[in-house]
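Residue-level listing of the chains:
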Amino acid sequence: MSTRAGYENLKWTFKSPIHMNKFAIVSESSVWGCLAAVDSPFGKLAGIGEKHFQTSGLQYAWNWINE
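Residues numbered from 1 in each chain as written. Predicted model: local features only at pLDDT ≥ 70, side-chain atom pairs only at ≥ 80, totals over all residues. Heavy atoms only, no water.

Colleague: Describe the confidence of the model for the protein chain, listing the residues and the values that go with them.
Modeller: Put simply, the protein chain has an average pLDDT of 83, and 90% of its residues get 70 or more. Of all helices and strands in the protein chain, the one with the weakest mean pLDDT is helix H1 (residues 3-15) (73), whereas helix H3 (residues 58-65) scores best (96). (pLDDT = per-residue confidence, 0-100. Helix = DSSP H or I, 4+ residues; strand = E, 2+ residues; numbered from the N terminus.)

Colleague: Lay out a nonpolar patch on the surface in plain terms, naming residues and giving numbers.
Modeller: A contiguous nonpolar surface patch, about 380 Å² in accessible area, is contributed by Val 38, Phe 42 and Leu 45. By the element assignment, Leu 45 lies in helix H2 (residues 30-45). For Leu 45, a relative accessible area of 74% gives the class exposed. (Patch = residues over 30% accessible without salt bridge, like charges linked within 9 Å, V, L, I, M, F, W, Y side chains within 5 Å. Areas by Shrake-Rupley, 256 points an atom, 1.4 Å probe, with all protein chains shown as cover. Salt bridge = Lys/Arg side-chain N within 4 Å of Asp/Glu carboxyl O. Buried < 20%, exposed > 50% of the residue type's maximum accessible area, 1.4 Å probe, protein only.)

Colleague: Tell me about the packing of aromatic side chains, and please be specific about residues and values.
Modeller: The geometry of an aromatic ring pair comes down to the distance between the two centres and the angle between the two planes. Under the defined criterion, the tally for this structure stands at 1 aromatic pair. Seen in terms of ring centroids, Phe 53 and Trp 64 are 5.9 Å apart; in terms of plane orientation they differ by 50 degrees. Their pairing is tilted. Of this pair, Phe 53 sits in strand S2 (residues 49-53) while Trp 64 sits in helix H3, and the two are 11 residues apart along the sequence. With respect to burial, Phe 53 and Trp 64 carry one shared label: buried. (Phe/Tyr/Trp six-rings, centres within 6.5 Å; stacked < 30°, edge-to-face > 60°.)

Colleague: Tell me about the nonpolar core, and please be specific about residues and values.
Modeller: In terms of nonpolar packing, the biggest core is built from 6 residues, these being Met 20, Phe 23, Ile 25, Trp 32, Ala 36 and Ile 48. Contributions of two or more residues to this core are made by strand S1 (22-26) and H2. (Core = buried A, V, L, I, M, F, W, Y, C linked by side-chain atoms within 4.5 Å.)

Colleague: Account for the pattern of salt bridges, with residues named and values stated.
Modeller: Tallying each qualifying case throughout the model produces 1 salt bridge. Measuring nitrogen to oxygen at the nearest pair gives 3.6 Å for the salt bridge that ties Glu 67 to Lys 22. Residue Glu 67 is found in the segment after H3, and its partner Lys 22 is found in strand S1; the two are separated by 45 residues along the sequence. Residue Glu 67 is classed as exposed on the basis of its relative accessible area, which comes to 71%. We classify Lys 22 as partly exposed; its relative accessible area is 22%.

In structure tokens:
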């Protein structure tokens, strides 16, 4: 995920939180992993689960989304 794509996704998320209950971030960037960890408690307040996955764990991300 590029920085621009992440920014656009976050903007959309804050405008449309009632449309989701989980948000998987798939990226090799440790920055996105840290941001997900910091943002996760705020997402929980809005009823949204948020988790970071490495690109090698894409299938794990889909499994988590579909739980």
